[in-house]
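# Overview (structure and organization)
Each chain is listed here by its residues.
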Amino acid sequence: MIAREQVADPAIKQLEINSYASFAKLYPRRFCEKTGDRETDYIRWLLATNPNTPAPILDRLASEDVVSLLERIAEHPHTRQATLARLATHDNPRVRAAAAENPNIDKKTMWRLAHDIHPDVRLRLAESYSLPVAILQVLAEDDNPYVQNRARKTLNRLNQPFVVPLSFGCC
């Protein structure tokens, strides 16, 4: 069996070591100056999509203003409530909608998103099973019929027990 270090390109391995060392210091600006923008953007993307990225790095990355990156941070399972609250006030509705789907958001943020001006944000919030019933009931009375329908479906599914149908025999 060939060792992993023997297969990897030394230049790629060195870049990987440098990037981890730099981001361990919470993403310093001098790292951006040393590498090209494409490499930096790629590393940011990798960190935002990696399920093992710690919350302090996600907090630091959330200061960027790249919508696709902020969406990934808002969807990340380790994103802190304070960061999600900040992302829930972002100008772009895609970022707010991504924050609405994260089960880590606090109730105050949930209420704010339930009254969001953009219907897609409210729709994605209405799809959440971790949402309190009171907020789902507010969304079930929304002006938008799609939001109403989705909130009512979520409420119905929460009220019904999970049943697994058993089939015997063939077909």
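Refer to the structure printed above.
This is a predicted model, so every value here is computed, not measured. (Residues numbered from 1 in each chain as written. Predicted model: local features only at pLDDT ≥ 70, side-chain atom pairs only at ≥ 80, totals over all residues. Heavy atoms only, no water.)

Right, let's talk about the overall build of the chain for a bit. Scanning the chain from terminus to terminus reveals 12 helices and 0 strands. Reading the helices (α) and strands (β) of the chain from amino to carboxyl end gives α-α-α-α-α-α-α-α-α-α-α-α. In the chain, buried positions account for 38% of the 171 residues. Put simply, of all contacts in the chain between residues at least 6 apart along the chain, 40% involve residues at least 24 apart. Counting every atom, the chain has about 11100 Å² of accessible surface; 55% of that belongs to carbon and sulfur. (Helix = DSSP H or I, 4+ residues; strand = E, 2+ residues; numbered from the N terminus. Buried < 20%, exposed > 50% of the residue type's maximum accessible area, 1.4 Å probe, protein only. Contact = heavy atoms within 4.5 Å. Areas by Shrake-Rupley, 256 points an atom, 1.4 Å probe, with all protein chains shown as cover.)

Contact geometry for helix α10 (residues 119-126) and helix α12 (residues 145-159): axes closest at 8 Å, N-to-C directions at 10 degrees. Considered as vectors, α10 and α12 are oriented roughly parallel to each other. Only Tyr146, Val147, Arg150, Ala151 and Thr154 of α12 make contact with α10, whose side of the interface consists of Pro119, Arg122, Leu123 and Ala126. The residue makeup of the contact of α10 with α12, split by class, is 6 nonpolar, 1 polar and 2 charged. (Axes fitted to C-alpha atoms, helices over the stretch in contact; angles between N-to-C directions. Parallel < 35°, antiparallel > 145°, perpendicular 65-115°, else oblique. Nonpolar A, V, L, I, M, F, W, Y, C, P; charged D, E, K, R; others polar.)

Moving on, we come to the nonpolar core. Judged by nonpolar contacts, the single largest core of 34 residues is most densely connected at Ile73, Leu113, Leu125, Leu131, Ile135 and Leu139. With 5 residues, helix α8 (residues 93-101) is the single largest residue contributor to this core. In contact with isoleucine 135, not counting residues within four places along its chain, are Met110, Trp111, Ala114 and Leu125. (Core = buried A, V, L, I, M, F, W, Y, C linked by side-chain atoms within 4.5 Å.)

Here we take up α10. Within α10, burial applies to Val121, Arg122, Leu125 and Ala126. Each buried residue of α10 lies within a common arc of 135 degrees when the element is viewed along its axis, so the set occupies one face. Where α10 is buried, its residues contact α8, α9 (107-114), α11 (133-139) and α12. (Arc of directions from axis to C-beta.)

Okay, a nonpolar patch on the surface next. On the surface, a cluster of nonpolar side chains totalling about 310 Å² of accessible area is made up of Tyr42, Trp45 and Leu46. In this structure, leucine 46 sits in helix α4 (residues 37-49). (Patch = residues over 30% accessible without salt bridge, like charges linked within 9 Å, V, L, I, M, F, W, Y side chains within 5 Å. Salt bridge = Lys/Arg side-chain N within 4 Å of Asp/Glu carboxyl O.)

To continue, consider the side chain of threonine 154. Assignment of secondary structure puts threonine 154 in helix α12. Within polar-contact distance, the side chain of threonine 154 engages the backbone oxygen of arginine 150 at 2.9 Å. Apart from residues no more than four positions distant in its own chain, threonine 154 is found in contact with Ala126, Glu127, Ser128, Tyr129 and Leu136. (Polar contact = N/O pair within 3.5 Å; in protein donor to acceptor, adjacent residues only side chain to side chain.)

Tracing the sequence through the fold places proline 145 in helix α12. Spatially, the C-alpha atoms of proline 145 and proline 119 are 9.8 Å apart, while their sequence positions differ by 26 residues.

For the structure on display, the rule yields 11 salt bridges. One salt bridge in this structure joins glutamate 64 and arginine 44, with 3.7 Å as the shortest N-O distance. Of the two residues, glutamate 64 sits in the loop between α5 (55-61) and α6 (67-75) while arginine 44 sits in helix α4, which places them 20 residues apart along the sequence. Owing to a relative accessible area of 11%, glutamate 64 belongs among the buried residues under this scheme.

Moving on, we get to the packing of α8 against α10. Relative orientation of the contacting elements α8 and α10 amounts to 15 degrees, with a least axis distance of 8 Å. Here α8 is positioned roughly parallel relative to α10, judged by the angle of their axes. Between α8 and α10 the crossing geometry is right-handed. Residue-level inspection shows Pro93, Arg94, Arg96, Ala97, Ala98, Ala100 and Glu101 of α8 in contact with α10, the latter providing Asp120, Val121, Arg124 and Leu125. Here the contact of α8 with α10 is built from residues that sort into 6 nonpolar, no polar and 5 charged. (Left-handed = near helix turned anticlockwise from the far one by under 90°.)

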